[in-house]
Amino acid sequence: MTNIYVEMFPASNGDSFLISCGDDQQINILIDSGFAATYKNYIRQRLIDLNEQDKRLKLMVITHIDSDHIFGALKLLSENENSETANIIPIDHIWHNSFRHLQVDYEKFKSNEESKLNRLLEGIVARGYPNEVTEELKQDKPIGARQGSSLASLIRIGGYSWNSHFDEKAVCIENQPYINLTDNIKITILSPSYKELEKLEKYWEKELYKLGYKEKITSSTFFDDAFEFLVSREKLRILNLQRNISKPNLTFENILNTEFIEDTSVTNGSSISFILQHNNKKILFLGDSHPSLIEQQLRLFFGDEVIWFDAIKISHHASSGNTSPSLLEIIDSSNFFVSTNGSRHGHPDLITLVQIVHRKIDGKRKLFFNYKTKASEFMDNEDRKKEYNYEIHYLGYKEIVKI
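Residues numbered from 1 in each chain as written. Predicted model: local features only at pLDDT ≥ 70, side-chain atom pairs only at ≥ 80, totals over all residues. Heavy atoms only, no water.

1. A look at the packing of aromatic side chains
Move 1: Scanning the model with the defined rule gives 10 aromatic pairs in all.
Move 2: With 6.2 Å between their ring centres and 75 degrees between their planes, Phe-17 and Phe-285 make a pair best called edge-to-face. In this pair, Phe-17 is assigned in strand E2 (residues 17-21) and Phe-285 in strand E9 (residues 281-285), connecting sequence segments 268 residues apart. There is no split in this pair, since Phe-17 and Phe-285 are both buried. (Phe/Tyr/Trp six-rings, centres within 6.5 Å; stacked < 30°, edge-to-face > 60°. Helix = DSSP H or I, 4+ residues; strand = E, 2+ residues; numbered from the N terminus. Buried < 20%, exposed > 50% of the residue type's maximum accessible area, 1.4 Å probe, protein only.)

2. Remarks on the pairing of E9
Move 1: Among the five residues that make up E9, four are buried, leaving the element largely enclosed by the rest of the structure.
Move 2: Pairing analysis gives five bridges linking strand E8 (residues 273-278) to E9, with the strands arranged antiparallel. Residue pairing for E9: Leu-276 is matched across the bridge by Ile-283.
Move 3: Between E8 and E9, which pair antiparallel and follow one another directly, the connecting turn spans two residues, one of which, Asn-279, has a positive phi of 50 degrees.
Move 4: One ladder, built from three bridges, connects E9 with strand E11 (residues 311-313); its direction is parallel. Opposite Leu-284, over in E11, you have Ile-312 as the bridge partner. (Pairing = 2+ DSSP bridges.)

3. Here we look at helix H1 (residues 36-52)
Move 1: Taking 1.5 Å per residue as the helical rise, H1 with its 17 residues ought to reach 24 Å, and the 23 Å between its terminal C-alpha atoms agrees with that figure.
Move 2: The principal kink in H1, of about 45 degrees, is found at Ile-43.
Move 3: For H1, the set of buried residues is Ala-36, Ala-37, Thr-38, Tyr-39, Ile-43, Arg-46, Leu-47, Ile-48, Asp-49 and Leu-50.
Move 4: Positioned one or two residues after H1, Asp-54 has a phi angle of 60 degrees, which is positive. (Expected span 1.5 Å × (residues − 1). Bend = angle between axes of the 7 residues up to and from the residue.)

4. Some details on the sheet that holds strand E16 (residues 400-402)
Move 1: The sheet built from six strands is open, its strands ordered E5-E4-E3-E2-E1-E16 with mixed pairing. Looking along the sheet, the strands with just one partner apiece sit at the ends: strand E5 (94-95) and E16.
Move 2: Both strand E3 (residues 27-31) and strand E4 (residues 56-61) contribute to a ladder of five bridges, which runs parallel. Residue pairing for E4: Leu-30 is matched across the bridge by Met-60.

5. Things to note about the pattern of salt bridges
Move 1: Counted by the stated rule, this structure contains 11 salt bridges.
Move 2: The salt bridge involving Lys-398 is made with Asp-49; its shortest N-O contact spans 3.8 Å. Here Asp-49 lies in helix H1 and Lys-398 lies in the loop between strand E15 (390-394) and E16, a separation of 349 residues in the sequence.
Move 3: Residue classification places Lys-398 among the partly exposed residues on the basis of a relative accessible area of 44%.
Move 4: Two residues, Asp-380 and Lys-385, come together in a salt bridge whose shortest N-O distance is 2.6 Å. (Salt bridge = Lys/Arg side-chain N within 4 Å of Asp/Glu carboxyl O.)

Following this line, the structure appears as structure tokens:
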């Protein structure tokens, strides 16, 4: 009964994983939900099938506010209606950090419905989420923008158990580093910390000031919606470190001579990352987190020795700025999952993949992809696979990896 089953949905350049624990697969966890089309084409029917088998989602984790992680959740929660009717599937718990979780004394703020702030918030809500240009999103109707249409609003209106393991406060390491989801499933929170959430709050305030608001920020009925819409528009700094894959003489050694520059996105920094442990097996889920915090927490919990995981979900689609050489010095596994089709930012980055397989290991490493990309095809070379002792696997829809 110790097996863990990992399903990686085709989520375009986004993330969505279904984790099932135990041979009967009764404990199910949905981690992120990709785009609206991801939900419509893949996740929806999978969850309906689980419901028809009298199964439910024990936990749904929305790691952070970014369109490639939350748009599917918007569709799911709008169709599910609420925690009582559960048209798609019952959901026991939802973890998601919104504006209300950044404010320690949120309830003490007074609303001023006639203030300039509320007029500004109305404008932000009217703009809604950023326009996406991926082919997956073109297959579906745009996500509508209105008060009450944000992910946070759908969770609240649906009456779901929201961050209840954290006393309805933020999911972060200071509030509760260890969660016993069941008697034999333990979750260790690695990210975010208060510091990362504070950076997100400062980003929000800075963006409001750019839009012309200069007064003290208070609470209002628009805050969860406006916060989500505005933060989802953060422009990521894309590190152009991808080597020219078409070069005939490109080697692992050439690729490894690349300077590491850490991701600075405040939304990625706020990503919920954790270790899921089921009996004697443990999986590392890194969301889009920053490696410096993950490394800090792992050293705090485990010391400086190499930590072996039964599987690792690589951070931010294997972006070069989210997996540092020093982090890879203390984590390893036989199974690495990379979720992206590379359409938005050219992920995965070769440097990340090469750093993973370049290290010596007893046995083979397996790299699991849900799409073929230029980087994955470069890695899928028989001579390289033999020399560095790794395998490449492409997972199709409903294809499950037993850990």
